[in-house]
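Listed below are the residues making up each chain.
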Amino acid sequence: MPKKKLYNRYIELLITFVIIPVSYVLPYPVGVKLLIGGIGLLYIVYVLFKTQCSTVKYVKTIDWNVFWRETAIKFVVIAIVTTVFVFCTDRLALFKVVMQYPLKWVMFICIYSLFSVYPQELVYRTFFFRRYQTLFKTKYALIFSNALLFALAHLFFESVLVLVLTFIGGLLFAVTYLKTKSIVLVCIEHAIYGSWLFTVGMGQMLGFPV
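The rules behind each value
Residues numbered from 1 in each chain as written. Predicted model: local features only at pLDDT ≥ 70, side-chain atom pairs only at ≥ 80, totals over all residues. Heavy atoms only, no water. Phe/Tyr/Trp six-rings, centres within 6.5 Å; stacked < 30°, edge-to-face > 60°. Helix = DSSP H or I, 4+ residues; strand = E, 2+ residues; numbered from the N terminus. Buried < 20%, exposed > 50% of the residue type's maximum accessible area, 1.4 Å probe, protein only. Lys NZ or Arg CZ within 6 Å of the ring centre and 35° of its normal. Core = buried A, V, L, I, M, F, W, Y, C linked by side-chain atoms within 4.5 Å. Contact = heavy atoms within 4.5 Å. Salt bridge = Lys/Arg side-chain N within 4 Å of Asp/Glu carboxyl O. Axes fitted to C-alpha atoms, helices over the stretch in contact; angles between N-to-C directions. Parallel < 35°, antiparallel > 145°, perpendicular 65-115°, else oblique. Nonpolar A, V, L, I, M, F, W, Y, C, P; charged D, E, K, R; others polar. Patch = residues over 30% accessible without salt bridge, like charges linked within 9 Å, V, L, I, M, F, W, Y side chains within 5 Å. Areas by Shrake-Rupley, 256 points an atom, 1.4 Å probe, with all protein chains shown as cover.

Before we go on, may I ask you to explain the packing of aromatic side chains in this structure?
The description of an aromatic ring pair uses the distance of the two centres, along with the angle that the planes make with each other. Scanning the entire structure with this criterion turns up 21 aromatic pairs. Taking the centre distance of 5.5 Å and the plane angle of 65 degrees together, the rings of Phe-128 and Tyr-132 count as edge-to-face. Here Phe-128 pairs with Tyr-132, and both are found in helix H5 (residues 102-132), just 4 residues apart, close to one helical turn. For the residue pair Phe-128 and Tyr-132, the accessibility class agrees, reading buried in each case. Here the guanidinium or amino end of Lys-33 rests over the ring plane of Tyr-28, the centre of that ring lying 5.1 Å away.

Structural data, given as structure tokens:
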């Protein structure tokens with residue numbers, strides 16, 4: 001890649017994945033933040049289509065048995081750890097939503113999976129890996145950087161716990177995407193873990209309506 005193009009790519013990454021997310025912590029109008037985010041998303045979609053990259057990639061060689069087995073193992077670990085955490089820190093919140101507001105629980109999971117998970121994975125996995133993978137010397141640096149920037153996107157929640165959770169999630173999603181190159185699989189995995197946090201009683205800290 002020519003030096004000028006490489007430099008521009010670094011600047012683009014800095015603006016898109018660092019400056020804009022960090023700016024959301026600043027106290028300026030929500031409408032302006034939404035406008036900036038919307039423009040950024042449109043730019044990303046434009047770049048993906050311009051470079052003839054499909055926004056949805058279905059890989060025919062996917063080993064679904066392996067995917068579900070690995071996801072199930074990770075989910076069990078996550079479920080145990082988060083259940084114990086909520087039980088110890090806020091027992092009243094444990095499974096409160098699914099028990100008291102089952103309809104809201106179902107509706108939110110559907111809305112979250114369609115309108116939150118997919119845009120996030122489109123930006124932070126499909127776009128990021130196809131656009132910036134060549135900027136990193138090793139896959140470990142690529143995965144770590146992707147997870148770190150994914151966590152940074154949640155900085156506006158102003159919660160250390162949220163940053164830790166999203167960093168761990170970013171690592172898991174980055175590994176899955178790097179292995180499969182499938183946004184379908186990473187969206188499924190993301191939706192499962194995110195919906196579980198809402199289910200177990202950790203949704204409020206992530207802005208989920210309770």
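What am I meant to see in the nonpolar core here?
Across soluble globular proteins, you tend to see nonpolar side chains buried next to one another. Counting 46 residues, the largest nonpolar core has Leu-13, Phe-17, Tyr-124, Phe-127, Phe-128, Phe-129 and Tyr-132 as the members making the most contacts within it. Going through the elements one at a time, helix H1 (3-23), helix H2 (30-50), helix H3 (64-89), H5, helix H6 (139-152), helix H7 (160-180) and helix H8 (183-200) are the ones with two or more residues in this core. Top element by residues in this core is H5. It accounts for 11 residues. Excluding anything up to four places from it in sequence, Tyr-132 contacts Arg-9, Glu-12, Leu-13, Phe-17 and Phe-127.

Would you take a moment to explain the pattern of salt bridges for this structure?
Where side chains of opposite charge bring their charged atoms close, a pairing between them can arise. Using the criterion set out here, one finds 4 salt bridges in the structure. Across the pair Arg-131 and Glu-12 runs a salt bridge, and its minimum N-O distance is 2.8 Å. Remark: Glu-12 occurs in helix H1 and Arg-131 occurs in helix H5; sequence separation between them is 119 residues. Note on Arg-131: relative accessible area 18%, which makes it buried. Residue classification places Glu-12 among the buried residues on the basis of a relative accessible area of 10%. Residue Arg-125 is joined to Glu-121 by a salt bridge in which the shortest nitrogen-to-oxygen separation is 2.7 Å. Linking Arg-125 with Glu-121, this pair stays in helix H5, spanning 4 residues, or about one helical turn.

How should the packing of H3 against H7 be read in this particular structure?
How two helices pack is summed up by the angle between their axes together with the distance between the axes. Running from N to C, H3 and H7 point in directions that differ by 175 degrees, and their axes come no closer than 13 Å. The orientation of H3 with respect to H7, classified from their angle, is roughly antiparallel. Facing Phe-67, Glu-70, Lys-74, Ile-78 and Phe-85 of H3, the residues of H7 in contact are Leu-161, Leu-172, Thr-176 and Lys-179. Grouping the amino acids of the contact of H3 with H7 by side-chain chemistry returns 5 nonpolar, 1 polar and 3 charged.

Explanation requested: the environment of Leu-171 in the structure shown.
Within the fold, Leu-171 resides in helix H7. Residue class for Leu-171 comes out partly exposed when judged on its relative accessible area of 27%. Each C-alpha atom of the pair Leu-171 and Met-99 lies 31 Å from the other, and the pair is 72 residues apart in sequence.

Please clarify how a nonpolar patch on the surface should be interpreted in this entry.
Among the surface-exposed residues, Tyr-7, Ile-11, Leu-14, Ile-15 and Ile-19 lie close enough to one another that they form a single nonpolar patch of about 450 Å² accessible area. Residue placement: Ile-19 occurs in helix H1.

None of the figures reported here should be taken as evidence of function without further support.
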